[in-house]
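One letter stands for each residue in the lines below.
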Number of protein chains: 2
Amino acid sequence: MTVDIADGVRPELDGTALLEQIEVLAGIGVDHSRPEAGRTRLALSDQDRLARDRLVSWMKELELEVRVDPMGNIFGILAGEDASCSNALMIGSHIDTVIEAGPLDGAYGVLSGLAVARTIRLAGLRPRRTLMVGAFTNEEGVRFHPDMMGSLFFAGGIGLEEARAARGTDGAALGDELRRIGYAGDADPAALRPAEYLELHVEQGPVLDSEGIDIGVVEDLQGISWKRIVIEGTANHAGTTPISMRHDAGFAAARGIVFLRELARDSGGTRTTVGTVFFSPGAINVIPSRAEFTVDMRDPDEDRLSRGEKGFMDFLDRLEGEEGVNVSVETLARFQPVRFDRGLADAIEAVAKGRGLSTLRMTSGAGHDAQMLARVCRTAMIFVPSREGVSHNPAEFTPSEQLVQGAKVLLDVALQRLGRS
Amino acid sequence: MTVDIADGVRPELDGTALLEQIEVLAGIGVDHSRPEAGRTRLALSDQDRLARDRLVSWMKELELEVRVDPMGNIFGILAGEDASCSNALMIGSHIDTVIEAGPLDGAYGVLSGLAVARTIRLAGLRPRRTLMVGAFTNEEGVRFHPDMMGSLFFAGGIGLEEARAARGTDGAALGDELRRIGYAGDADPAALRPAEYLELHVEQGPVLDSEGIDIGVVEDLQGISWKRIVIEGTANHAGTTPISMRHDAGFAAARGIVFLRELARDSGGTRTTVGTVFFSPGAINVIPSRAEFTVDMRDPDEDRLSRGEKGFMDFLDRLEGEEGVNVSVETLARFQPVRFDRGLADAIEAVAKGRGLSTLRMTSGAGHDAQMLARVCRTAMIFVPSREGVSHNPAEFTPSEQLVQGAKVLLDVALQRLGRS
C-alpha cells in the first residue's frame, strides 16, 4: 500500500527509542576508569568500528538496505515508491568523535535519521520517495586531515586515492585502516547522491540556549579563513630601551588582536578569534623579538569575509611600518560560506511553528557534513540548543525533551518531503 | 711623599693594560667548543672562582690590601694618607655573568677600578684619601636570588644567614658554595663602607650609541615594578559564539598590553614591557579561557611609577566589568627608584667636558650594585655606549677607544676626589 504521508497521516516519533540509542552509542569509546573523560571514537579506530557495527545492526533491524562506499561512508536505504537515490531524501551526520567528546555531536543526527525510518516502519507506511540515512567517515578530522573528509569525498571534492593515502596522527594510512576495520566498501557514491539532504545537530553555540529558542533553522554556514601570523621585531632590555626605539613584536601582536576584534565589531557579521599566541624569547625583562599568533575569521558572507581578510592584511602592512617589524602570513585553511536551500529552510520553520515551537533563522558557525552535501543537492540543517553552548567536551548537553523535539521536527519535514515526489 | 693629586699632576691611564685584562677575564668561562656562546660565569661557580682568583692576583700585583667579606665580596685597598675606609672612594661592580654573556657587563667596571689604582701606582702617587676597588658577589642573580645580593648585603639590606641560605637553581646553598670556592671571608662589611662610590658600566641600552654621545652621566636609576597578571574568561567555539557573548581572556590580555604601551606613551617617562604571554587552552578555534602575562614597569620617579601601577590596576578593574573576566595580580618585584649624588654627577660631567667629550645626563634603566651602595654613601655611575644597546648577549660590544675613554673619565674624577680629603 502506498500512502501519501503528507496528506493527513501523522505518525509520531518514539522519543524513548531515540534516547536509548543515543545512550548506547555514547557508551562506545568510554574509558570506564575515567568516565569523566567522555568518549573517544576517532575515525576508523576500534571504537569507531564498534559504533559502526552497532549502527549497521540497527539499520538492518529496520530492514534498511545497507551500502558502504569506498571511503567507509555508511548508508541505510528505505526504498520509496520511487526507489531511485537520485530523487531521495538523505538524513545524515557522523558517528566519529573528537578526543574526550560529548554524547551528541554527530550521533544525534544519524540516530534521528534512524528514528525517522523507524517511525515510518512502525506506521507501516511506504513513502513516495526513498529515504536514506547516512553516516559519513571522519567528520571531526582529529585523526586524519582534512575534516569532513567522508562527505567531501561523497560530494566529489577529493579523490579516493588521495583520501585513502591520508596519514593519521598515529602514522596509519586511512586506506589501511578502512580495510582493517572492514569498512572499505564498494558502493558507487555518485549513484547514491540524493536530491535533498537534512542534518539535525546540536548547535554547539550558546544562542538558542541563552535566548530560550527551541529550534534553529540553519540558512547558511560560515566561510572560514585560518591564518598564522609571525611578527619579527628586535629583542632588547626592558629597562634600558626607550619606548620610541622599540620594535616590540609582542606589542605588535597585541595590536593585531585588538584590531581583529574591532574589525569584527564594525563588520556587521564577521567573527574573529585569536586562540593561540607565543612570544620569544619569553622573559619578563626582554622586549619580544618574535610573536606568533593564529587568526580564525568566519563570515556567512563571502564578500564580507574577503573584505575582512583584506582589511587585516592592510592593517599588517601599516603595522610593519609603524612598529618597525617584519610580518609574515601563512594561510592554514580557507572555505567559502555555504548557503543552504531556501525552500528546505522555509519548510523546517513552518513545521516547527506548526508544532508551537519558537524558531530562529541562523548561521552555522561550525563546519558540518551538510556543507559538503550542499555542493551536490538541496540541503538544510536543524539545530537544537546546546546548554551554555558547550561542545567538543564531555559536558556537552541538551535536555532529552529538546532532543526529541528536534527529531520530531525532522520527522515532520521528512514526511512532508517524502510524501510528495 | 704625599701629593695632592688634584693640583696640577695629571697622570694618564694605560688603556692597553685595561683592555688586556678585559680580554683575559672575558676568556674565563668560555666553552671553547662553542665560542659563539660567549662566556658563562655564574656566581660562585668554578668559573667565577677562576675569575676571582685572577682578580685577587691582579690586586696583589698592585700591592692592594685584599679583603673578602662573609658574602664573598672582594675589596682591594690602596691606602691614602687618610687610611680610613669610612672616608674612602670605592670603585666597583661585579665579575659574575649571566648565561652566555658578553665580555663587558660588570667586568669593565671592576677592571677600570684596577686601572685607576695602577695609574696611581705607576705615577708613584699617594692620594690623601683611600681608594678601594670592589667586586660584589652575585650581581646578576641568575643562579641565586635576589640579584645584586652581594651589594645588598654590603649595604645592610639582607642578613648573612638569609643570604647564605639562598638556594641556587642547581639546588646548592650559597653559603656552601662560598666555602667550597674559598671566598667565605671574615672582613666586617660595616667597617669597609666608603664615603663615595663610583661605578663605570656599559649602558646596556641604545641611547648613547644611537645619539653619538661619548659619556652618560647617570643621575638616577629607575624604580622597578614586576607583576604577573592572570585573566580568566570562558573557553568557547570560535565559530559559534557571537562576539557580544564572549569572555575572551586572550583579547582582554591584548587590551592590557596595548593599554600599558599607551600608559608609557602618555606618562612622560614610564617604561612598560610585556615580555611573556600564555593563552589556554591554546587552539586556533577556541576562545581562550585563560591568559597570563607579565608586566615590567619602570620609572625613575617613584610618584609616577606608583601612578602608573594605580592606573593599570584601575584599567584591570574596568576590564573585568567590560569583558566579563576575572583578573588577578601578583607582585613579583618592587624596587623604588634611586637618586644618585648630584655633586658626584656634576663632577663626572665637568671632567668629561674638560676632556672634550659629549655627555648626557641620564637614567639607568637596569639595576646595578650602585643602587645598593647609594643606601650607604654618595654614589654615581658613568656609562659608555653599548653598540645598538645589546647586552646580556655574546654580541655585547663597545669600541676599545670608548672603553678607554670612559676609564679616563673615571680616573680624572677619582683623582679629583682622592686628592682632597
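Residues numbered from 1 in each chain as written. Chains lettered and ligands numbered in written order. Predicted model: local features only at pLDDT ≥ 70, side-chain atom pairs only at ≥ 80, totals over all residues. Heavy atoms only, no water.

(A) Representation of the pattern of salt bridges within the structure. As enumerated under the stated definition, the model contains 62 salt bridges over all chains in all. With a shortest N-O distance of 2.5 Å, Arg361(A) and Glu349(A) are connected by a salt bridge. Of this pair, Arg361(A) sits in strand S15 (residues 359–364) while Glu349(A) sits in helix H10 (residues 342–354); the two residues are 12 residues apart in sequence, bridging distant segments of the chain. By relative accessible area, Arg361(A) is classed as partly exposed at 23%. Taking the shortest distance from any N to any O, the salt bridge between Asp170(B) and Arg143(B) comes out at 2.7 Å. Of this pair, Asp170(B) sits in the loop between helix H5 (160–164) and helix H6 (174–180) while Arg143(B) is found in the loop between strand S4 (131–135) and helix H4 (149–154), placing the two residues 27 residues apart along the sequence. Judged by its relative accessible area of 6%, Arg143(B) is buried. By sharing partners, the salt bridges in this structure join Asp46(A), Arg49(A), Arg143(A), Asp170(A), Glu177(A) and Arg180(A) into a single network. (Salt bridge = Lys/Arg side-chain N within 4 Å of Asp/Glu carboxyl O. Helix = DSSP H or I, 4+ residues; strand = E, 2+ residues; numbered from the N terminus. Buried < 20%, exposed > 50% of the residue type's maximum accessible area, 1.4 Å probe, protein only.)

(B) How the structure looks around the relation of the copies chain B and chain A. Mapping chain B onto chain A is achieved by rotating through 180 degrees and translating by 0.1 Å along the same axis, at an RMSD of 0.1 Å. On this basis, the relationship between the two copies can be described by a two-fold rotation axis. Scanning chain B for the C-alpha nearest the rotation axis identifies Ala254(B), at a separation of 2.3 Å. The residues that chain B uses at the interface reappear at the interface of chain A in 100% of cases, marking a shared surface. (Least-squares fit on C-alpha atoms with pLDDT ≥ 70 in both. Contact = heavy atoms within 4.5 Å.)

(C) Structural detail: the packing of aromatic side chains. Tallied over the entire structure, the rule returns 14 aromatic pairs over all chains. Between the aromatic rings of Phe75(B) and Phe154(B), the centroid separation amounts to 5.1 Å while the plane-to-plane angle is 35 degrees, which identifies the pairing as tilted. Separated by 79 residues along the polypeptide, Phe75(B) in strand S2 (residues 74–78) and Phe154(B) in helix H4 bring together distant segments of the chain. Phe75(B) sits in the buried class, given a relative accessible area of 0%. On the basis of an interplanar angle of 25 degrees and a centroid distance of 6.2 Å, the ring pair of Phe259(B) and Phe312(B) is categorised as stacked. Here Phe259(B) is found in helix H9 (residues 249–267), whereas its partner Phe312(B) is found in helix H10 (residues 302–323), with 53 residues between them in sequence. Note on Phe259(B): relative accessible area 18%, which makes it buried. Of note, Arg52(B) hangs over the ring of Tyr183(B), and the distance from its end group to the ring centre comes to 5.0 Å. The ring of Phe251(A) carries Arg261(B) above its face, with NZ or CZ at 3.9 Å from the centroid. (Phe/Tyr/Trp six-rings, centres within 6.5 Å; stacked < 30°, edge-to-face > 60°. Lys NZ or Arg CZ within 6 Å of the ring centre and 35° of its normal.)

(D) View of the pairing of strand S3 (residues 89–93) of chain A. All names here are of chain A. Counting buried positions along S3 gives 5 out of 5 residues, so the element sits mostly inside the fold. Side chains Leu89, Ile91 and Ser93 of S3 all project onto a buried face; the interleaved residues Met90 and Gly92 project onto the opposite face, where all are buried too. Both S3 and strand S4 (residues 131–135) contribute to a ladder of 5 bridges, which runs parallel. Paired with Leu89 across the two strands is Leu131, which belongs to S4. Where the polypeptide runs from S3 across helix H3 (residues 107–122) and back to S4, its parallel neighbour, the crossover connection is right-handed. Here S3 pairs with strand S5 (residues 196–202) via 3 bridges, running parallel. Bridging from a neighbouring strand, Leu89 pairs with Glu196 of S5. (Pairing = 2+ DSSP bridges. Right-handed = clockwise from strand over helix to strand, strands pointing away.)

(E) Summary view of the environment of Asp214(A). Residue and element names in this part refer to chain A. Here Asp214 is to be found in the loop between helix H7 (207–211) and strand S6 (215–221). On the basis of relative accessible area, Asp214 is assigned to the buried category, the value being 18%. Sequence separation of Asp214 and Ser358 is 144 residues, and the distance between their C-alpha atoms is 5.3 Å.

(F) The arrangement of the interface of chain B and chain A in detail. The interface of chain B with chain A comprises 52 residues on the first partner and 52 residues on the second. Between chain B and chain A, roughly 4200 Å² of surface is buried when both sides are summed, and carbon and sulfur atoms account for 65% of that area. With its nearest N and O atoms 3.6 Å apart, the salt bridge here joins Asp248(B) to Arg261(A). In this structure, the connection of chain B to chain A is made through 10 residue pairs in polar contact (both at pLDDT 80 or more). Those elements that place two or more of their residues in the side of chain B that touches chain A are helix H8 (207–211), strand S8 (236–237), H9, strand S9 (271–273), strand S10 (277–280), strand S11 (286–287) and strand S12 (290–299) of chain B. The dominant element in the side of chain B that touches chain A, judged by the number of residues it contributes, is H9(B), at 7 residues. When the residues that make up the side of chain B that touches chain A are grouped by side-chain class, the tally is 23 nonpolar, 19 polar and 10 charged. (Buried area = accessible area lost by both parts, 1.4 Å probe. Polar contact = N/O pair within 3.5 Å; in protein donor to acceptor, adjacent residues only side chain to side chain. Nonpolar A, V, L, I, M, F, W, Y, C, P; charged D, E, K, R; others polar.)

(G) Region of the structure containing the pairing of strand S7 (residues 223–232) of chain A. Residue and element names in this part refer to chain A. Counting buried positions along S7 gives 7 out of 10 residues, so the element sits mostly inside the fold. Here S7 runs beside strand S12 (residues 290–299); their pairing, made up of 10 bridges, is antiparallel. Counted as the bridge partner of Ile224 is Arg298 from S12. Where S7 and strand S13 (residues 326–335) come together, 9 bridges link them in antiparallel fashion. Looking across to S13, one finds that Trp226 is bridged to Ala333.

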